[in-house]
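Summary of the model geometry
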Amino acid sequence: MKAVVVTGFGTEPTLMELPVPDPGPGELLVRLHAAALNPFDWKVADGALRDVVEHGFPLVMGSDGAGVVERIGAGVNLFRPGDTVYGQFMNVARGRGSYAEYAVVAEDGTIARMPEDLPFGVAAALPTASVTAYQAIEAARLDTGHIVLINGASGGVGQSAIQFAVNEGARVWATAAPDVSGRLRELGAHETVDFTSAAVAEQVLAAHPEGIDAVLDLVTRPGGDIGPLADLLKPGGRLVSTNHATDPDALAAREIHGVNLSNDPSRAELTALADLAAAGKLRVTLDAEIRLDDAPAAVTRARSGHARGKTVILL
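Here we summarise the structure given alongside this text. Computed from a prediction, not measured in an experiment: that's the story for all the values here. Per chain, residues are indexed from 1 in the order of the written sequence. Only residues with pLDDT of 70 or above have their local features reported here, since the model is predicted, and side-chain atom pairs are shown and tallied only from 80 upward, although totals for entire chains, interfaces and linings are computed over all residues. Only hydrogens and water are removed before side-chain values are computed, so all heavy atoms of the structure are retained for them.

Considering the overall build of the chain
What the chain contains, in helices and strands, is ten helices and 16 strands. For a compact globule of 315 residues, the expected C-alpha radius of gyration is about 20 Å, and the chain comes in at 20 Å, within 12% of that figure. Dimensions of the chain, computed from the C-alpha atoms along their principal axes, are close to 60 × 40 × 35 Å. Here a residue-residue contact requires only that any non-hydrogen atoms of the pair lie within 4.5 Å. Pairs at least 24 apart in sequence give 69% of the contacts found in the chain among residues at least 6 apart. When the accessible area of the chain is evaluated, it comes to approximately 13400 Å², of which 50% is carbon and sulfur surface. Only four residue types enter the tally: Lys and Arg on the positive side, Asp and Glu on the negative side, with His and both chain ends excluded. Every charge is mapped to an atom, namely NZ of Lys, CZ of Arg, CG of Asp or CD of Glu. Of the side chains in the chain, 25 bear a positive and 39 a negative charge, and the two mean positions are spaced by 3 Å. Strands are runs of DSSP state E lasting at least two residues, helices are runs of H or I lasting at least four, and both sets are numbered from the N terminus onward. Our radius of gyration looks at C-alpha atoms and nothing else; its globule reference is 2.2 Å times the residue count to the power 0.38. In this description, accessible areas are obtained by the Shrake-Rupley approach with a 1.4 Å probe, and a residue is regarded as covered only by the protein chains that are shown.

What about the nonpolar core?
Here, nonpolar core means buried Ala, Val, Leu, Ile, Met, Phe, Trp, Tyr and Cys residues that are tied together by side-chain atoms lying within 4.5 Å of each other. A 1.4 Å probe rolled over the protein chains alone gives each residue an accessible area, and that area as a share of the maximum for its type sets the label: buried under 20%, exposed over 50%, partly exposed in between. Counting residues in each nonpolar core, the largest one holds 48 residues, and the members touching the most others are Tyr86 and Ile162. The element contributing the most residues to this core is helix α3 (residues 126–140), with eight residues. Beyond its immediate stretch of four places on either side in the chain, Ile162 contacts Ile150, Ala153, Val172, Ala174, Leu184, Leu187, Gly188 and Ala189. Among the nonpolar cores identified, the runner-up in size contains 18 residues, and Ile212, Ile226, Leu251 and Ile256 belong to it.

Focus: the packing of aromatic side chains
Stacked, tilted and edge-to-face are the three classes assigned to paired rings of Phe, Tyr and Trp, where Trp is represented by its six-membered ring and a pair needs centres within 6.5 Å; plane angles under 30 degrees give stacked, over 60 edge-to-face, the rest tilted. With the rule as written, the count across this model stands at two aromatic pairs. When the centroid spacing of 5.2 Å and the interplanar angle of 90° are considered together, the rings of Phe9 and Phe57 count as edge-to-face. One end of the pair, Phe9, is in the loop between β1 (2–6) and β2 (14–17); the other, Phe57, is in the loop between α1 (39–45) and β4 (59–60), and 48 residues separate them in sequence. Of the residues examined, Phe57 reaches a relative accessible area of 34% and is grouped as partly exposed. Measuring from centroid to centroid gives 5.6 Å for Tyr134 and Phe164, while their planes differ by 80°, and the two rings are edge-to-face. Separated by 30 residues along the polypeptide, Tyr134 in helix α3 and Phe164 in helix α4 (residues 156–167) bring together distant segments of the chain. Criterion for a charge above a ring: Lys NZ or Arg CZ within 6 Å of the ring centre, and within 35 degrees of the ring normal. The ring centre of Tyr102 lies 5.4 Å from the NZ or CZ of Arg31, which sits over that ring.

What about the layout of surface pockets?
Lining residues are defined by having an atom within 4 Å of a point belonging to a cavity or pocket. Those points lie on a 1 Å grid over the protein atoms alone, cavities being sets where a 1.4 Å probe fits but cannot get out and pockets being open sets with protein on both sides within 12 Å along at least five of seven lines. Grid points are joined across faces, edges and corners, and a volume is the space filled by probe spheres set on the points. Quantified by volume, the second largest pocket comes out at close to 170 Å³. In terms of lining residues, the second largest pocket is bounded by 15 residues, among which Met1, Pro21, Val60, Gly95 and Arg96 are the most central. When residues in the lining of the second largest pocket are grouped by element, the largest group, three residues, is from strand β7 (residues 102–106). For this classification, Asp, Glu, Lys and Arg are treated as charged, while Ala, Val, Leu, Ile, Met, Phe, Trp, Tyr, Cys and Pro are nonpolar and the rest, including Gly, are polar. Tallied by class, residues from the lining of the second largest pocket come to eleven nonpolar, two polar and two charged.

Points about the packing of α3 against α4
Put simply, α3 and α4 touch, their axes get as near as 8 Å, and they point 45° apart. Accordingly, the angle class assigned to the pair α3 and α4 is oblique. Crossing geometry of α3 relative to α4 is assigned as right-handed. Residues Ala129, Ser130, Thr132, Ala133, Tyr134 and Ile137 of α3 form the contact with α4, whose own contacting residues are Gly156, Val157, Ser160, Ala161, Phe164 and Ala165. Here the residues of the contact of α3 with α4 sort into eight nonpolar, four polar and no charged. Between N-to-C directions, angles span 0 to 180 degrees; the directions come from axes that are lines fitted to C-alpha atoms, helices contributing only their stretch in contact. Put simply, angles under 35 degrees are roughly parallel, angles over 145 are roughly antiparallel, angles from 65 to 115 are roughly perpendicular, and the rest are oblique. Crossings are classed by handedness, with left-handed meaning an anticlockwise turn of the near helix from the far one by less than a right angle and right-handed meaning a clockwise turn.

What to know about the pattern of salt bridges
We count a salt bridge whenever a side-chain nitrogen from Lys or Arg sits within 4 Å of a carboxyl oxygen from Asp or Glu. Inspection of the entire model under this criterion finds ten salt bridges. Two residues, Asp83 and Arg113, come together in a salt bridge whose shortest N-O distance is 3.3 Å. Note that Asp83 is positioned in the loop between β5 (64–72) and β6 (84–88) and Arg113 in strand β8 (residues 111–113), a separation of 30 residues in sequence. For Asp83, a relative accessible area of 18% corresponds to the buried category. Here Asp294 ties to Arg291 by a salt bridge, and the two come within 3.4 Å at their closest N and O atoms. Salt bridges sharing common partners tie together Glu27, Arg94 and Arg96.

Quick notes on the sheet that holds strand β10 (residues 171–175)
Note: two strands are recorded as paired if DSSP finds a minimum of 2 bridges between them. Sheet architecture is open: six strands sit in the order β11-β10-β9-β12-β13-β14, paired in parallel fashion. The strands lining the two open edges of the sheet, one partner per strand, are β11 (191–193) and β14 (257–260). With direction set aside, neighbouring strand axes in the sheet form an average angle of 15°. Sheet topology note: the strand β13 (residues 233–241)/β14 ladder contains four bridges and is parallel. Among the inter-strand pairings, Arg238 is bridged to a residue of β14, identified as His257. Set on the sheet, helix α5 (residues 178–186) makes contact with β10 and β11; between it and β11 the angle comes to about 150°.

Topic: the sheet that holds β2
Taken in spatial order, the three strands of this open sheet run β2-β1-β4, and their pairing is antiparallel. The strands lining the two open edges of the sheet, one partner per strand, are β2 and β4. Of the pairings in the sheet, the one linking β1 to β4 comprises two bridges and is antiparallel in character. Within β4, the position partnered with Val6 by the bridge is Leu59.

Written as structure tokens, this is what we have:
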């Protein structure tokens, strides 16, 4: 099978021919039809988990994917060959990932059936981005009339977060470059903030000097200055970071709830989000659909940031 791999931490992704893996007891072999690019993919390739778990090299890149069950191992009860499934396929200890024609995943892993009328590319875009968005908005504890700023709203997480926040009755301010602000308004954002024209916090504070209720920060890295975003919040407000950039204890001293969020999908959440997407109630923008051969170059481009939607590999 063809797969995009790295042969060591920090090496360039390359296309390689690998044996088709065999499913062991409790595992499924999935013929992948689509995989999605996420920043976490190249962070792992660069060594983000090197001190957490052993890595098997060559390491197939990628986590999110969608496809059809081809074979099952002994003891599998919940899935059968021919089932359409999607979820997260990364297993760095065994060198596994989703940028490949085939992947093996545990039956009790982060995987769920998907509606047969849901395009594979859309399904592959959901597990990391849309689940993170859903869990982040849950952590923000929004209510009708609350004002939330989504910092970094133009990417896959941000676009889903806008929709989930609007569904909670919140008024959404979304940061965006001018060329995508219209798209974010179509998704439900009430106001867009041009981060290229002036500091985001200054623009929001000028409109809401009394403060806002929540901030979802998808941009600030650990060690970065999250202070201006925290300054926007009313007492009791919530600051949710998907990059673990908050100091919850320091924020608590200011009567602000700080949350460092990690993506942790459940099968129930995956099933619910796939159903929403199939019904048109969760819109996913596919910025680019590429071939597996083009994935190494796409990873290089994606590292530059400022995503306009999801890039998916169609297999």
